[in-house]
Amino acid sequence: MKKKTSFNKRNSPLSGEIPQAEGASHILVIRLSAMGDVAMTVPVLRVLSATYPHLKVTVLTRGFFEPMFKGIPRVSVYEADVNGVHSGVFGLCRLAKDLRDLGIDKVADLHDVLRSNILKSVFYMFGIPVKQIDKGRSEKKALTTENNKVFKQLKPTVQRYADVFDALGYPLDLKTHKFPEKEKISEKIRTLVGTEPKKWLGIAPFAQHNSKAYPADLMEEVLGRLSENSKIKILLFGGGNKEKQQLETWAARFKNTLSIAGKLTLAEELALISNLDVMLSMDSGNGHMAAMYGIPVISIWGVTHPYAGFRPFNQPAENSLLPNLTQYPKIPTSVYGNKFPEGYENAIRTISPQTVLKKIQEVLF
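Owing to the predicted nature of the structure, the values given are computational and were not obtained by experimental measurement.

S.K.: What am I meant to see in the nonpolar core here?
M.R.: Soluble, globular proteins show a tendency: their nonpolar side chains are buried together. By size, the foremost hydrophobic cluster in this structure holds 62 residues, and its most contacted members are M68, F69 and F165. Take this core: its biggest share by element is 8 residues, from helix α1 (residues 35-51). Discounting residues that sit within four places of it in the chain, M68 has contacts with M35, V38, A39, V42, L270, M289 and M292. Core analysis: the next-biggest nonpolar cluster, separate from the first, contains 29 residues, Y214, L218, L247 and L321 among them.

What follows is the structure in structure tokens.
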């Protein structure tokens, strides 16, 4: 079922003069899927809300992602039921009509996929202007090609999102972004994690593709060393039955280690993440969720590379741990890690556990 949810307002206006754009007062933001991509929209919408306080924003996304937008003034979530009433062309036409009836003036498509392009066509028929993200496909192809690679930093994805609002008449300066306060820790989370005065280190060891997930034997070496430090509480994040089993096995094996997988709702998990001292993640969604709250993120990269624009928001380059690029010069082999030459699945193994441990020690203490 479709659902529109409004959140409580948390006023955090930016200092200085607030620009006033003419025209739209209600913007639809399309960002349908991929947890990390949805998380990267959050800082952009915070700046949009603070810079243009007269704007109303509706985010079209999966209902599961709703808690990510909590606390952003005048931002609500409309659930896209793309496997139900909104499936197919007719379902998307119905969705576009329902959204039009909410009083949408302009549309920011931060996704640019088949579904959002169908919606764009319908909105055009309704006379509602749509601006879409420039994903920089040709630049990314040049960055990931094996031969004649153009190895350079591309525009960050969060800036590509901001550029869409600029095209709609709402320029944004992401440097003005302000992080929210840490979420309150519930009694449920306190009971689960404990109350000892320790550093909370989140570790999300998995990724969508194995080529950018730190190998289990190396992760076990990292966990073994970290668990010896009584000043650290290790919190393991992940999803899926196979991942949960692995995390529970590690939690049982190593001291001061707890698996969070399957024990909290997304809202509760975000509250916990907002109170971490450091998050260690792969090139994956958990790193972007921690970055939403300004938590230091140490990211481990395999056949992907931060140059494609997916470094977590506002994180320093030195917190991205990269493979030996001299030994594996074709990196990045793809944007998402789903394509790589033979042997490149082992590239991530050139990031030693000692390198990971040293960086954690440096950032955590």
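S.K.: Help me out: how do you make sense of the pattern of salt bridges in this one?
M.R.: If the charged atoms of two oppositely charged side chains come close together, the side chains can form a pair. A complete count under the given rule lists 14 salt bridges for this structure. Put simply, K330 and E146 hold a salt bridge, and the shortest N to O gap is 3.1 Å. Here E146 lies in the loop between α4 (137-144) and α5 (157-167) and K330 lies in the loop between β12 (320-321) and α11 (353-364), a separation of 184 residues in the sequence. Here the residues in one salt-bridge network are K97, R100 and D101, joined through shared partners.

S.K.: Sorry if this is basic, but what is going on with the environment of T257 here?
M.R.: Relative to the helices and strands, T257 is located in strand β9 (residues 257-259). With a relative accessible area of 9%, T257 lands in the buried category. For T257 and G202, which are 55 residues apart along the polypeptide, the C-alpha to C-alpha distance reads 10.0 Å. The residues touching T257, leaving out its near neighbours within four places in the chain, are S227, I234, L236, W250 and A251. One polar contact links the side chain of T257 to the main-chain carbonyl oxygen of K255, over a distance of 2.8 Å.

S.K.: Please explain the packing of aromatic side chains as it appears in this structure.
M.R.: What describes a pair of aromatic rings is the distance from one ring centre to the other and the angle between the planes of the rings. All chains considered together, the criterion is met by 6 aromatic pairs. Look at F64 and F65: their rings are 5.8 Å apart centre to centre, the planes differ by 65°, and that puts the pair in the edge-to-face class. Here F65 falls in the buried class, since its relative accessible area comes to 2%. Look at F310 and Y336: their rings are 6.3 Å apart centre to centre, the planes differ by 50°, and that puts the pair in the tilted class. Of the two residues, F310 sits in the loop between β11 (297-300) and β12 while Y336 sits in the loop between β12 and α11, which places them 26 residues apart along the sequence.

S.K.: How should the environment of P323 be read in this particular structure?
M.R.: Here P323 is to be found in the loop between β12 and α11. In this structure the C-alpha to C-alpha distance between P323 and H177, which are 146 residues apart in sequence, comes to 31 Å. Setting aside residues up to four positions removed in sequence, P323 forms contacts with W301, G302, I331, A347, I348, T350 and I351.

S.K.: Looking at this model, I keep getting lost on the sheet that holds β12. Mind explaining?
M.R.: Strand pairs in the sheet, formed through backbone hydrogen bonds, run parallel or antiparallel to each other. Strand order in the open sheet formed by 6 strands is β9-β8-β7-β10-β11-β12, with parallel pairing between adjacent strands. Of all strands in the sheet, those with a lone pairing partner are β9 and β12, marking the two edges.

S.K.: How should unusual backbone geometry be read in this particular structure?
M.R.: A negative phi angle is the norm for most residues apart from glycine, just as the trans form is the norm for most peptide bonds. Residue P332 follows I331 across a cis peptide bond; omega there is 0°. Relative to the helices and strands, P332 resides in the loop between β12 and α11. Phi is positive for R74, close to 65°, though the residue is something other than glycine. Examined against the element boundaries, R74 turns out to sit in the loop between β3 (56-61) and β4 (75-79). For R74, a relative accessible area of 23% puts it in the partly exposed group. Notably, N256 is not glycine yet its phi reads approximately 55°, a positive angle.

S.K.: Is there a simple way to explain the layout of surface pockets in this structure?
M.R.: A probe as big as a water molecule, rolled over the atoms, marks out the empty space that is left. Taken as a whole, the largest pocket holds about 970 Å³ of empty space. Contributing to the lining of the largest pocket are 41 residues, with A34, M35, G36, S284 and G285 lying nearest its centre. Looking at the lining of the largest pocket, the elements that each hand over two or more residues are α1, α5, α9 (266-273) and α10 (285-292). Split into classes, the residues belonging to the lining of the largest pocket amount to 19 nonpolar, 13 polar and 9 charged.

S.K.: Would you mind showing me how to read helix α8 (residues 241-253) here?
M.R.: Residues spaced three or four apart along an α-helix point in a common direction, a consequence of the helix completing one turn every 3.6 residues. Compared with an ideal rise of 1.5 Å per residue, which puts 13 residues at 18 Å, α8 spans 18 Å between its outermost C-alpha atoms and is within 8% of the ideal. Every buried residue of α8 is accounted for by L247, W250 and A251. Across the axial projection of α8, the buried residues extend over an arc of 100°, all falling on one side. Facing away from the buried side of α8, by more than 90 degrees, are the exposed residues N241, K242, Q245, A252 and R253. Of the surrounding secondary structure, the elements contacted by the buried residues of α8 are α7 (216-226), β8 (232-236) and β9.

S.K.: Quick question: what am I supposed to make of the packing of α7 against α11 here?
M.R.: Between two packed helices, the angle of one axis relative to the other and the distance separating the axes together describe the packing. Packing of α7 against α11 leaves a shortest axis separation of 9 Å and a crossing angle of 40°. Classed by the angle they form, the pair α7 and α11 counts as oblique. Judged by the sense of rotation from one axis to the other, the crossing of α7 with α11 is right-handed. Residues L218, E221, V222, R225 and L226 of α7 lie in contact with α11, whose contacting residues are P353, Q354, V356, L357 and I360.

S.K.: Help me understand the side chain of T157, please; the structure alone is not making it clear to me.
M.R.: If you trace the backbone, T157 turns up in helix α5. Excluding residues within four positions of it along the chain, T157 makes contact with M40, G309 and F310.

Rules used throughout
Residues numbered from 1 in each chain as written. Predicted model: local features only at pLDDT ≥ 70, side-chain atom pairs only at ≥ 80, totals over all residues. Heavy atoms only, no water. Core = buried A, V, L, I, M, F, W, Y, C linked by side-chain atoms within 4.5 Å. Buried < 20%, exposed > 50% of the residue type's maximum accessible area, 1.4 Å probe, protein only. Helix = DSSP H or I, 4+ residues; strand = E, 2+ residues; numbered from the N terminus. Contact = heavy atoms within 4.5 Å. Salt bridge = Lys/Arg side-chain N within 4 Å of Asp/Glu carboxyl O. Polar contact = N/O pair within 3.5 Å; in protein donor to acceptor, adjacent residues only side chain to side chain. Phe/Tyr/Trp six-rings, centres within 6.5 Å; stacked < 30°, edge-to-face > 60°. Pairing = 2+ DSSP bridges. 1 Å grid on protein atoms, 1.4 Å probe; cavity = no way out; pocket = protein on both sides within 12 Å on 5 of 7 lines; lining within 4 Å. Points joined across faces, edges and corners; volume = space filled by probe spheres on them. Nonpolar A, V, L, I, M, F, W, Y, C, P; charged D, E, K, R; others polar. Expected span 1.5 Å × (residues − 1). Arc of directions from axis to C-beta. Axes fitted to C-alpha atoms, helices over the stretch in contact; angles between N-to-C directions. Parallel < 35°, antiparallel > 145°, perpendicular 65-115°, else oblique. Left-handed = near helix turned anticlockwise from the far one by under 90°.

Read these as geometric descriptors, not functional statements.
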